[in-house]
Amino acid sequence: EASESLNFLEHIIAEDLKSGLSKDDLRFRFPPEPNGYLHIGHAASICLNFGLGEDHQSPVNLRFDDTNPIKEEQEFVDSIKNDIEWLGFKWAQECYTSDYFQQLYDWAIELIKNGKAYVDGQSPELIAEQKGTPTSPGKPSPHRDRPTEENLEIFEKMKNGEYPAGSYVLRAKIDMASPNMLMRDPLMYRIVNRAHHRTGTDWCIYPMYDWAHGQSDYIEQVSHSLCTLEFKSHRELYDWFLDQIYDENKLRPKQREFARRNLSYTVMSKRKLLELVQTKTVAGWDDPRMPTISGLRRRGYTPESIRKFSEISGISKRDSVTDVSLLEYAIREDLNKRATRAMAVIDPVKLVITNYPEGKTEMLEAENNPEMENSGSHEVPFSRELYIEKEDFKEEAGSKYFRLTIGKEVRLKNAYIIKGESVVKDEKGNITEIHCTADLESRSGSGTEASMRKVKGTLHWVSIQHAIKAEIREYDRLFLDEAPDAHGEKSFMEFLNPESLKITKEAYLEPFLQEAKLEDKFQFQRVGYFTLDKDATAEYLIFNKTVGLKDSWAK
Ligand code: ATP
Ligand code: MG
Ligand code: MG
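Definitions and limits used
- Residues numbered from 1 in each chain as written.
- Chains lettered and ligands numbered in written order.
- Predicted model: local features only at pLDDT ≥ 70, side-chain atom pairs only at ≥ 80, totals over all residues.
- Near = placed C-beta within 6 Å.
- Helix = DSSP H or I, 4+ residues; strand = E, 2+ residues; numbered from the N terminus.
- Nonpolar A, V, L, I, M, F, W, Y, C, P; charged D, E, K, R; others polar.
- Axes fitted to C-alpha atoms, helices over the stretch in contact; angles between N-to-C directions.
- Parallel < 35°, antiparallel > 145°, perpendicular 65-115°, else oblique.
- Left-handed = near helix turned anticlockwise from the far one by under 90°.
- Contact = placed C-beta atoms within 7 Å.
- pLDDT = per-residue confidence, 0-100.
- Buried ≥ 20, exposed ≤ 12 C-beta atoms within 10 Å, placed from the backbone.
- Pairing = 2+ DSSP bridges.

A.B. asks: Explain the site of ligand 1 here, please?
C.D. replies: P32, G41, S45, T228 and K270 are the nearest of the 15 residues found near ligand 1. When residues of the shell around ligand 1 are traced back to their parent elements, those giving at least two are α2 (40–56) and β8 (224–228). A per-element tally of the shell around ligand 1 places α2 first, with 4 residues. For the shell around ligand 1, the per-class residue count stands at 5 nonpolar, 5 polar and 5 charged.

In structure tokens, the structure reads:
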């Protein structure tokens, strides 16, 4: 029954509801650090958390995990909000860990007073060395038993900016022999003398992730704090910190973990994506080759396709790599239903219909989308001189070739059946013109007997006189390797695909495409799915190829 299709996290929630948690107490959060743009991996977490919110009609907070002023910026905050909204989700509250700095500080003082935290002035190297190894206990810091008064005094001075960065840290006093290394007196605060994008220079000490995250969940009364598997070993610490401050009358958050989403042929960590941006390997965070939400959006992906991809790739307990072709499948399926059909010739050769009157223009009707009811139609001008794709013509070809050749017939989409007659070549032997004759009775939709004639091939075309010249950007995978960041010493940068971007400056579009707006979706017939690029102007159209019509990588 229904419960069988639940993922393991949904099962955990269902169990909690059965054992007494009130439905009204369900609350989730999505907690990005504003140190980069969101990527398709984040979309897994967004769809998971906001999806649970939708299923249970529970609030979902957007919480900026902004505890590291060195890497965080307002630009990233804005882009994250924009991307989540574009994906179609609404957060209940916009929260910032930095709004809790005072509360976190007050709790830290309580911990010090309760003998659960102390100030350590040793070097980071020494502290790390004293932690020991998983199989041998660590060595306690000589400052572990510093008197409370002294701890309070130094901690306050740390806060007031009286010490240089790195001179002191506040540590939780837990267990230097714990088999869980994270429990060996982990750091709670460090000194950072850097302005924060929201709190300015108010603070000189910043809380560590482990100290901030669970307490923020508690402040917001998040019932299920869902994070990725690398935090599994942090759960014990998450619980220990909650134990120190928890009030029994309040809801106690629960951390649970799921596998990160990885995608083949790309890198996903923000640090690596930032490197691609900073080295100008790509044109920015929203370069259409980037696995970022904004890159996918610019490439022509729809929010629906990304949500669909999340649904079909699912939530897992174990790390795995999802094939990028699954993402391409999701967008292709969606665009097939959504995209307006149009004609564009990317690599043109001239075709002349010798029995069609010179100077005549005929407006033909083209259906907008055969996959959509009442999608309507638009007009396409037809005339004596057309462009077709170079690859759609061969002077001579075998019987399996269903495109244009001398002496054989094909249909021009929405227009006439034509027959190849002769070619004109330049002195180098390149074909400059193809001469054809048309069966002038065979116009599509005209109802004549000739219009019903079946011929094997159908070609797309544009009328030279009416066509708009445009730039076409086609993308290939950014990396040639399936797992570019899984080569140990070798940087992922060594696996870049030198041909990931192909620009054609002289493609020709049917005039209807002059009206294209940002985010409009088109299928250029027989070529692929396209969308207008944000760099386009009315005078200079630029289209991005989203994806081909078929999986060209399928073996
Ligand atoms: P990155 O390593 O890419 O910088 P991060 O985990 O540091 O990622 P955060 O901004 O902290 O990035 O992530 C916000 C939320 O999104 C976290 O709950 C995190 O676990 C989740 N998340 C990040 N990357 C992925 C991923 N690849 N798959 C699923 N969830 C992810
Ligand atoms: Mg990070
Ligand atoms: Mg993180």
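Still more to cover.
A.B. asks: I'm lost on the packing of helix α7 (residues 209–220) against helix α8 (residues 235–245) in this one. Help?
C.D. replies: In a pair of packed helices, the angle between the axes and the distance between the axes together describe the arrangement. Two elements in contact, α7 and α8, have axes separated by 9 Å at closest approach and are oriented at 60 degrees. In terms of orientation, α7 lies oblique with respect to α8. In the crossing of α7 with α8, the sense of the turn from one axis to the other is right-handed. Between α7 and α8, the residues in contact are D210, W211, G214, Q215 and Y218 and L237, Y238, F241, L242 and I245, respectively. When grouped by side-chain class, the residues that make up the contact of α7 with α8 number 7 nonpolar, 2 polar and 1 charged.

A.B. asks: What should I look at first to understand the packing of α2 against helix α11 (residues 303–313) in this one?
C.D. replies: Between α2 and α11, whose axes approach to 10 Å, the crossing angle comes to 80 degrees. Between α2 and α11, the interaxial angle falls into the category roughly perpendicular. Taking contact as the criterion, the partners of A43, A44 and C47 in α2 are, on α11, I306, R307 and S310. Residue classes in the contact of α2 with α11 are distributed as 4 nonpolar, 1 polar and 1 charged.

A.B. asks: Can you walk me through the confidence of the model for the chain in this structure?
C.D. replies: Atomic detail in the predicted coordinates should be set aside for any region of low pLDDT. Of the residues in the chain, 98% reach a pLDDT of 70 or more, and the chain-wide mean stands at 96. With a pTM of 0.95, the predicted complex shows an ipTM of 0.97.

A.B. asks: Would you take a moment to explain the pairing of strand β5 (residues 169–172) for this structure?
C.D. replies: Look at any regular strand and the pattern is simple: side chains alternate between the two faces of the sheet. Of the two faces of β5, both are covered, the one formed by V169 and R171 as well as the one formed by L170 and A172. In this structure, β5 lies alongside strand β6 (residues 187–191), joined through 3 bridges in antiparallel fashion. Looking at β6, one finds that L170 is bridged to Y189.

A.B. asks: Hey, could you run me through the sheet that holds strand β23 (residues 468–475) in this one?
C.D. replies: Hydrogen bonds between backbone groups are what pair the strands of a sheet, and the pairing can be parallel or antiparallel. The 7 strands lie next to each other as β12-β25-β26-β27-β23-β24-β13, forming an open sheet whose pairing is mixed. Where the open sheet ends on each side, the last strands, each with one partner, are β12 (340–342) and β13 (344–345). Bridge count between β12 and strand β25 (residues 521–524): 3 bridges; the pairing is parallel. Its bridge partner being in β25, R341 is matched across the sheet by Q523. Helix α12 (residues 324–338) contacts β25, β26 (528–532) and β27 (541–547) of the sheet and is inclined by roughly 120 degrees relative to β27.

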